[in-house]
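This is what each chain is made of:
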Amino acid sequence: MEHVEYTRLGRSGLSVSRLVLGTMNFGSRTSEEDSGAVMDHAHEHGINFFDTANSYGAQQGEGLTEQILGRWFAQGGGRREKTVLATKVYLPMGDRPNERGLSALHIRRAVDASLKRLQTDYIDLYQMHHIDRDTPWEEIWEAFSVLRQQGKVLYFGSSNFAGWHIALAQEAARSRHFLGLVSEQSIYNLMSRWAELEVLPAARHYGLGVIPWSPLHGGVLSGVLRKQREGLTGRSGSGLWAAAFAEQREAVEAYEKLCAELGEDPAHVGLAWLLAQDGVTGPIVGPRTVEQLDGTLRALEITLDHDTLAKLDKTFPPPAPNGAKPAPEAYAW
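Since the structure is predicted, the reported quantities are computational estimates derived from the model, not experimental observations.

Rules used throughout
Residues numbered from 1 in each chain as written. Predicted model: local features only at pLDDT ≥ 70, side-chain atom pairs only at ≥ 80, totals over all residues. Heavy atoms only, no water. Helix = DSSP H or I, 4+ residues; strand = E, 2+ residues; numbered from the N terminus. Buried < 20%, exposed > 50% of the residue type's maximum accessible area, 1.4 Å probe, protein only. Contact = heavy atoms within 4.5 Å. Pairing = 2+ DSSP bridges. Right-handed = clockwise from strand over helix to strand, strands pointing away. Core = buried A, V, L, I, M, F, W, Y, C linked by side-chain atoms within 4.5 Å. Phe/Tyr/Trp six-rings, centres within 6.5 Å; stacked < 30°, edge-to-face > 60°. Axes fitted to C-alpha atoms, helices over the stretch in contact; angles between N-to-C directions. Parallel < 35°, antiparallel > 145°, perpendicular 65-115°, else oblique. Left-handed = near helix turned anticlockwise from the far one by under 90°. Nonpolar A, V, L, I, M, F, W, Y, C, P; charged D, E, K, R; others polar. Polar contact = N/O pair within 3.5 Å; in protein donor to acceptor, adjacent residues only side chain to side chain. Salt bridge = Lys/Arg side-chain N within 4 Å of Asp/Glu carboxyl O.

**Section: the environment of Leu225**
Tracing the backbone shows Leu225 in helix 7 (residues 224–229). Leu225 gets classed as buried once you look at its relative accessible area, which sits at 6%. Sequence separation between Leu225 and Val111 is 114 residues; the distance between their C-alpha atoms is 43 Å. Those residues in contact with Leu225, other than ones at most four positions away along the chain, are Phe245, Arg249, Val252, Glu253 and Glu256.

What follows is the structure, encoded as structure tokens:
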């Protein structure tokens, strides 16, 4: 029943699905029973790449989402073996000063706590949830190398890093003859293309796979105007996503019109656009139900031709300075 494609995660030999199952809703917006059904369904369709974080869940420090995954793995049936498991470290897990960040102490405590919650003895991809400006790279890579030697972590990734941070991390890893990062998880979508300036070029240069989060900009690219007409609401109706929609309402209108001409759902087009970008491993989808997961699979079947990609660039222009060339070449003549 597999429908997905697979690719290597960056320059590594690890094969991952081109759609990444995001679990941030598990335990907060999706019940444990429904979360398990979504994960089972993901495996049925060949999605093997699951992304979580130690900070996900209703209460700080509990790691509720990791616990849900752990209990699901414990049911057996090859669930853990079929999964490329990614989690994260950095955000506060308590109120004390050493319960956050990327110090060697916090990394050691955090990975052991995640392993316990996830009911596994290793993590496939351990990601830094944010840059730690107060901890030297020598300390971070030494702590990570210990985890690799212990067999607790196989690969390392970053999230929310600037291109400069990726370069710093990789050069520090190179000095230790260490593999370094194999992925960067960044906000990236048609409405937020800033990653194209520095993050994507740095990731391609150093061989990192890019994993876009918020691929539909909080739902704004999922057909928000149509949903409003139908009386439906969602995240795009409030907060930062509402502000983004208000600023680019005309562009969103043009986008939904183009999708209608293509005969495709806007959400599927937004994901297909990301899958067409050089260096993108796969976007993170965060379905709350099995039906929503089924819907995302359509994106894998859509091939956007040159004319459609050009129209999307016109609707949501890339941020490269001088426009004529992609970054970083656009910075010089």
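**Here's the deal with the pairing of strand 9 (residues 209–213)**
The buried fraction of strand 9 amounts to four of the five residues, a majority that puts the element mostly inside the structure. Note that strand 8 (residues 181–187) and strand 9 share five bridges and pair parallel. Note on strand 9: the bridge partner recorded for Gln185 is Ile211. With helix 6 (residues 199–206) bridging strand 8 and the parallel strand 9, this β-α-β connection has right-handed handedness.

**Some remarks on the nonpolar core**
Residues Ile47, Tyr126, Trp137, Trp141 and Phe144 are the most contacted members of the largest nonpolar core, which totals 83 residues. With seven residues, the single largest contributor to this core is helix 10 (residues 266–275). When near neighbours in sequence (up to four residues on either side) are disregarded, Ile47 contacts Val4, Ser17, Leu19, Leu21, Ala42, Leu293 and Leu297. Listed in part, the 12 residues of the second largest apolar core include Leu14, Val20, Val182 and Ile211.

**What about the packing of aromatic side chains?**
By the definition in use, this model includes 12 aromatic pairs. Relative to Phe144, the ring of Trp141 has its centre 5.7 Å away and its plane inclined at 70°; by these criteria the two rings are edge-to-face. Here Phe144 and Trp141 lie together in helix 4 (residues 137–150), a separation of three residues that amounts to about one turn. For the pair Trp141 and Phe144, one class covers both residues: buried.

**Here's the deal with unusual backbone geometry**
In the Ramachandran plot, Gln119 falls in the positive-phi region, its phi being about 55° despite a non-glycine side chain. With respect to the helices and strands, the residue Gln119 is situated in the loop between helix 3 (104–118) and strand 6 (123–128). Looking at Gln119, the relative accessible area reads 45%, which means it is partly exposed. Look at Asn160: it is not a glycine, yet its phi comes out positive at around 65°. Following the sequence through the fold, Asn160 ends up in the loop between strand 7 (153–159) and helix 5 (163–175).

**Describing the packing of helix 3 against helix 4**
Two elements in contact, helix 3 and helix 4, have axes separated by 9 Å at closest approach and are oriented at 30°. Taken together, the axes of helix 3 and helix 4 are roughly parallel relative to one another. Crossing angle aside, the handedness with which helix 3 passes helix 4 is right-handed. Seen from helix 3, the contacting residues are Ala104, Ile107 and Val111; seen from helix 4, they are Glu139, Ala143, Phe144 and Leu147. Along the lines of polarity and charge, the residues of the contact of helix 3 with helix 4 split into six nonpolar, no polar and one charged.

**Section: the sheet that holds strand 7**
Reading across from one edge, 9-8-7-6-5-4-3-10 is the order of the eight strands in this open sheet, with parallel pairing throughout. In this open sheet, the two strands that pair with only one neighbour each are strand 9 and strand 10 (284–285). Where strand 4 (residues 49–51) lies against strand 5 (residues 84–89), three bridges are found, and the strand directions are parallel. Residue Phe49 lies in a different strand from strand 5, and its bridge partner there is Val84.

**Focus on the side chain of Asp51**
Its location among the elements puts Asp51 in strand 4. Asp51 sits in the buried class, given a relative accessible area of 3%. In this structure the side chain of Asp51 is engaged in a polar contact, spanning 3.1 Å, whose partner is the side chain of Gln185. Residue contacts for Asp51: discarding those within four places in its chain leaves Val20, Leu21, Gly22, Thr23, Tyr56, Ala86, Lys88, Gln127, Gln185 and Ile284.

**Observations regarding the packing of helix 9 (residues 249–262) against helix 10**
Relative orientation of the contacting elements helix 9 and helix 10 amounts to 95°, with a least axis distance of 9 Å. Our classification of the angle between helix 9 and helix 10 gives roughly perpendicular. In this structure, helix 9 uses Tyr255, Glu256, Cys259 and Leu262 to contact helix 10, whose residues at the interface are Pro266, Val269 and Gly270. Looking at the contact of helix 9 with helix 10 residue by residue, the classes come out as five nonpolar, one polar and one charged.

**A short note on the pattern of salt bridges**
For the structure on display, the rule yields 16 salt bridges. Between Arg117 and Glu66 there is a salt bridge; the shortest N-O distance is 2.8 Å. A residue pair is termed long-range when its members are at least 10 positions apart, and Arg117 in helix 3 and Glu66 in helix 2 (residues 64–73) qualify at 51 residues. A single burial state applies to Arg117 and to Glu66, both of which are buried. Note that Glu196 and Arg193 form a salt bridge whose closest N and O atoms lie 2.8 Å from each other.

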